[in-house]
Amino acid sequence: MTTSTMFTKILIANRGEIACRIIKTARRMGIHTVAVYSDADKNALHVTMADEAVYIGASPSRDSYLVAEKVIEAAKTTGAQAIHPGYGFLSENADFCRMCAENDITFIGPPVGAIEAMGSKSAAKSIMEKANVPLVPGYHGDDQSEAVLKKAADGMGYPVLLKATAGGGGKGMRQIWSSDEFTEGLAAAKREATSSFGDDTMLVEKYLTQPRHVEIQVFCDNHDNAVYLFERDCSVQRRHQKVIEEAPAPGMTDELRDQMGQAAIQSAKAIGYQGAGTVEFLLDVDGSFYFMEMNTRLQVEHPVTELITGQDLVEWQLRVASGETLPKTQAELAIKGHALEARIYAEDPDNDFLPATGKLSFLVPPIESEHVRVDTGVRQGDEVSVYYDPMIAKLIVWDESREKALQRMAKALAEYRVSGVTTNIDFLYNLATSAPFVNAELDTGFIEKHNDIIFHKDQRALANELPMAALYLVLSRAEQAKKVAAKTNDPFSPWNATNAWRMNEANAQSIVLNHSDTDYEVVIEQQRQGSDSYYLVQIGDQSYDCQGNIDRNALYFNINGYRSCAQIAHNEQQISLYRPDGVFNFNQVLPDLGDAGEDAGHGGLAAPMNGTMVDVLVSAGDKVEKDQPLVIMEAMKMEHTIKAPSAGVVTALFYQPGDMVDGGAELLSFEADE
Ligand code: ADP
């Protein structure tokens, strides 16, 4: 018997999907929840879902979600007994964990010592070495003389990887391909490490050229019990960030799974771990695996583990943190079926994954079922702001086999409907349906290697989609005009404007629709046959007889006798047609109105996200060409190049390399050429 008391109220020191996900479990367990929020999040989903919410400051996270004192204060004033930190923000912050203890609040996570032990890469490796956990061959000693480091590298053979021991987020790593490059490479790596972390201590590792990233979910309670909940394969990464994760790892044998599981438990025990943790390994082509790091929190990708084990890991966290023993023993845990997770982001894969911001003007996720789960923190109408990680949702699917789960994933991605911001959904679809992914040819270089198939543009031939989009436009315009006419005769109503519509003849209108970089001129003429009205749509030498009506977001149509329907998202000039085989995007090209863009060319270029200035590539007064790189920012482990929107002159620069930049802040001022 354990003497534990479950919390009655917890505070969630996070936002977005993970805050919502934690609230769901807490609610199911009858635990009251307290949310915290910043200015940007005052109407956020996690705030409405929680029983109570406390305002903790301005939008930039360093003024709100990262301020330990404010979070602790919020817990104290609301009487929350425990704080769940989610992932990111304060989740791996030893000082925050210590402050919780000082204030008699339970930190739902590991003890301070475990967080600290994993803080330095070389210290972590030393601990793991003592615990007999396999490490990537390498050197992580104190003697930092070049001779010693080089001898270690020469000894293990090239390529090697130099890593800053204080590094993180994929930074401060450098590959060295031969002995001749060593001296120069070391100097560069040390410079980088000094400027990023203020510490140039290096470790040397054998660089594995085709590893897989396989991680083990572990769980430990405060009663000396530890289990592993199997593995996740997170090999599909872009710049060391996970894109699609799955469980179990394709090709994993029971024997290797057990070895890795035991190694992970050893790692956790070596640092007195409690709660949920993940031990990340590199798995080499020959089946050898090596400890990489331990993440001392719940991972983004934990749902795939939940779906194959039937366990709720947040519930486990709450039970363990309140002093209960682990809900299951190792023998009671088993893998059932296969799960995949795709991270749906507001970002532009064709522009170096630049984070996208804007209003989610249309948002319809696939319907959830035992096969499809959507973890999200946003609803239709919400803004994806510059302040936080632009994740829209995690789409998780489950089925009995990998093959079936992949089919579920493809279907669910095709059904995921987002308009208003650019997303990576098409990219994920291409990835998840690509032959090498289907064949599980996984390693951490997957995306680079298969670049050509994953990034290909939409090359599907258009069939009836152009007349559908045109019919939709003409019908919705007629409907709006009717509504407005019923209400008012306002001559300034946008529905009375005709600038987008050139009238050719009495009933004919001409519009230009762009699809996949091609403009199509479409002429629509209203026709009557007796009491029946229909539209004749002319595109090049093709003509279509069209009839239809709009009901909410759906267009019901009859085009040349073919009847069906399409779901439509319409946002200013953008029209997205959702058909069973995916989305077709169109842009209505408006005639040049002469004064349009009057001030578009002047003023500033704003930072697309919170981040750090990495490099400034131009000087004030420089003339630049359209798309010329101007500055490089870094955020969420990734570098983003901000390019000139048109030819023009950079008139002033406001940031230096190394400066922190708030999302939305003016980076430079720019004057476009006439
Ligand atoms: P960080 O803490 O900066 O994220 P990690 O040590 O966790 O750095 O490594 C991040 C990624 O870098 C891994 O997921 C893997 O893709 C790659 N990586 C790290 N070490 C090696 C290695 N020795 N050989 C090959 N790739 C590596």
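Bear in mind that the values here come from a model prediction, so they are computed numbers and not experimental data. (Residues numbered from 1 in each chain as written. Predicted model: local features only at pLDDT ≥ 70, side-chain atom pairs only at ≥ 80, totals over all residues. Heavy atoms only, no water.)

Caption draft 1: Focus on the domain arrangement of the protein chain. Segmenting the protein chain into domains produces domain 1 (9-108), domain 2 (137-206), domain 3 (212-454), domain 4 (465-588) and domain 5 (604-672). Between the C-alpha centres of domain 2 and domain 3 the distance comes to 30 Å. (Domains from an automatic or database assignment.)

Caption draft 2: Broad picture of helix 9 (residues 254-270). Here helix 9 contains 17 residues, and its C-alpha end-to-end distance of 24 Å stays within 8% of the 24 Å for a straight helix at 1.5 Å per residue. Taken as a whole, helix 9 has its buried residues at Leu256, Arg257, Met260, Gly261, Ala263, Ala264, Ile265, Ser267 and Ala268. Along its buried surface, helix 9 packs onto helix 6 (121-130), strand 10 (212-220), strand 11 (226-238), strand 13 (275-283) and strand 14 (289-295). One or two residues past the end of helix 9 sits Gly272, with phi positive at roughly 60 degrees. (Helix = DSSP H or I, 4+ residues; strand = E, 2+ residues; numbered from the N terminus. Expected span 1.5 Å × (residues − 1). Buried < 20%, exposed > 50% of the residue type's maximum accessible area, 1.4 Å probe, protein only. Contact = heavy atoms within 4.5 Å.)

Caption draft 3: Structural detail: unusual backbone geometry. Of the consecutive residues Tyr158 and Pro159, the connecting peptide bond is found in the cis state with omega at 0 degrees. Tracing the backbone through its elements, the reader meets Pro159 in the loop between helix 7 (146-156) and strand 7 (160-164). The linkage connecting Ala247 with the following residue, Pro248, adopts the cis geometry, with an omega of -5 degrees. Within the element layout of this structure, Pro248 appears in the loop between strand 12 (241-247) and helix 9. Here the phi dihedral of Phe89 falls at roughly 40 degrees; this positive angle occurs in a residue that is not glycine. Structurally, Phe89 is set in the loop between strand 4 (82-84) and helix 4 (94-102). Residue class for Phe89 comes out partly exposed when judged on its relative accessible area of 26%. Here Asp224, not a glycine, exhibits a phi torsion of approximately 70 degrees, which is positive. Within the fold, Asp224 resides in the loop between strand 10 and strand 11. Of the residues examined, Asp224 reaches a relative accessible area of 71% and is grouped as exposed.

Caption draft 4: Inspection of helix 4 at higher detail. All buried positions along helix 4 are accounted for by Ala94, Phe96, Cys97, Met99 and Cys100. Contacts made by the buried residues of helix 4 are with helix 3 (68-78), strand 4, strand 5 (106-107) and helix 5 (112-117). Backbone geometry just after helix 4 places Asp104 at a positive phi near 65 degrees.

Caption draft 5: Representation of the pairing of strand 10 within the structure. With nine of nine residues buried, strand 10 lies mostly within the body of the structure. Covered by surrounding structure in strand 10 are Arg212, Val214, Ile216, Val218 and Cys220 together with His213, Glu215, Gln217 and Phe219, the residues of both alternating faces. Here strand 10 runs beside strand 13; their pairing, made up of nine bridges, is antiparallel. Bridge assignment links Phe219 to a residue of strand 13, and that residue is Ala276. Here strand 10 runs beside strand 11; their pairing, made up of six bridges, is antiparallel. From the neighbouring strand, Glu215 faces strand 11, where its bridge partner is Arg232. (Pairing = 2+ DSSP bridges.)

Caption draft 6: Spatial organisation of the sheet that holds strand 8 (residues 173-176). Spatial strand order, 6-9-7-8: four strands in an open sheet with antiparallel pairing. In the strand order of this sheet, the two ends are held by strand 6 (138-139) and strand 8, each with one partner. Where strand 7 meets strand 8, four bridges bridge the pair, whose relative direction is antiparallel. Following the sheet pairing, Leu162 is matched in strand 8 by Arg174. Of the strands in this sheet, strand 7 and strand 9 (202-206) are in contact with helix 6, which crosses strand 9 at around 55 degrees. Against the sheet, helix 7 makes contact with strand 6, strand 7 and strand 9, and its axis sits at roughly 10 degrees relative to strand 9, the strand it touches most. (Axes fitted to C-alpha atoms, helices over the stretch in contact; angles between N-to-C directions.)

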